[in-house]
Amino acid sequence: MSKPAYKRVLLKLSGEALMGDDAYGINRSTIERMVADVAEVAKLGVELAIVIGGGNIFRGVAPGAQGMDRATADYMGMLATVMNALALADAMRHVGITARVMSAIGIEQVVEPYVRPKALQYLEEGKVVVFAAGTGNPFFTTDTAAALRGAEMSAEIVLKATKVDGVYTADPKKDPNATLYHKISFDEAIASNLQVMDATAFALCRDQKLPIKVFSITKPGALMRVIMGEDEGTLVHV
């Protein structure tokens, strides 16, 4: 096998990706398939940090959160990401991968707090680090957390794993003529109002010259192809 294109990456997984075809929650076969892909990459010696979303769990309580204070709802979302992170780390343990969950909010009885030097040490030791609870602050998305942790960990690239196989000129579900971008600059994506990540995350990645690769986590072998530098998904670059 040829050499991986990256030594250290930040993988952003949406909570929704863990649902599979379910309405909400964690689909066991889906998380096992994802973890198998992650394990393949980790065994190549690639240092892997993961930021996980919480939409799959928060979606189930979202109707009850309507009219709720935004900060309170955001903290609920952060706790959902902790649950997902624990599930992810446990699934990794079953395939022989050592993972450490680090939370941006203090719940030491469950997971350890996020401490940057410790996270860097874990990566250097070959452990997968799963960052939970977003940035630890309300009003910021897990996309922003991914950009922030990617910069803090000196990752070479942020891998945005979604349900679509890249960035299109328009919504491919609504426009049959939509075409896939293989490469696009941050400025072009902003000018075209392409919703790659939220604006804060996007601006942070651009300012830190941290490229983003958008690809489908549901596509077999896609993560490995991205890691090997093959033409998969869309590269957003400076």
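Bear in mind that the values here come from a model prediction, so they are computed numbers and not experimental data.

What follows deals with the packing of helix α1 (residues 28-42) against helix α3 (residues 70-94). A pair of packed helices can be characterised by two numbers: the angle between their axes and the separation between those axes. Where α1 meets α3, the axes come as close as 9 Å, and the angle between the chain directions of the two elements is 65°. For the element pair α1 and α3, the recorded crossing hand is right-handed. Residues Arg28, Ile31, Val35 and Val38 of α1 form the contact with α3, whose own contacting residues are Ala87, Leu88, Asp90, Ala91, Met92 and His94.

The sites that carry the UniProt feature "binding site: ATP" (unreviewed entry) are, in the present numbering, Lys12, Leu13, Ser14, Gly15, Gly55, Arg59, Thr162, Tyr168 and Asp171. None of the other annotated residues line the largest pocket; only Ser14, Thr162, Tyr168 and Asp171 do. Turning to its location among the elements, lysine 12 is positioned in strand β1 (residues 8-13). The contact partners of lysine 12, leaving out residues within four places of it in the chain, are Val51, Gly53, Thr142, Asp143, Ala146, Leu159, Lys160 and Ala161. Mapping leucine 13 onto the fold places it in strand β1. Apart from residues lying up to four places away in sequence, leucine 13 is in contact with Met34, Ile50, Val51, Ile52, Gly53, Leu88, Ala161 and Ile217.

How each quantity is defined
- Residues numbered from 1 in each chain as written.
- Predicted model: local features only at pLDDT ≥ 70, side-chain atom pairs only at ≥ 80, totals over all residues.
- Heavy atoms only, no water.
- Axes fitted to C-alpha atoms, helices over the stretch in contact; angles between N-to-C directions.
- Helix = DSSP H or I, 4+ residues; strand = E, 2+ residues; numbered from the N terminus.
- Left-handed = near helix turned anticlockwise from the far one by under 90°.
- Contact = heavy atoms within 4.5 Å.
- UniProt positions renumbered as here; feature names shortened; annotations may be inferred.
- 1 Å grid on protein atoms, 1.4 Å probe; cavity = no way out; pocket = protein on both sides within 12 Å on 5 of 7 lines; lining within 4 Å.

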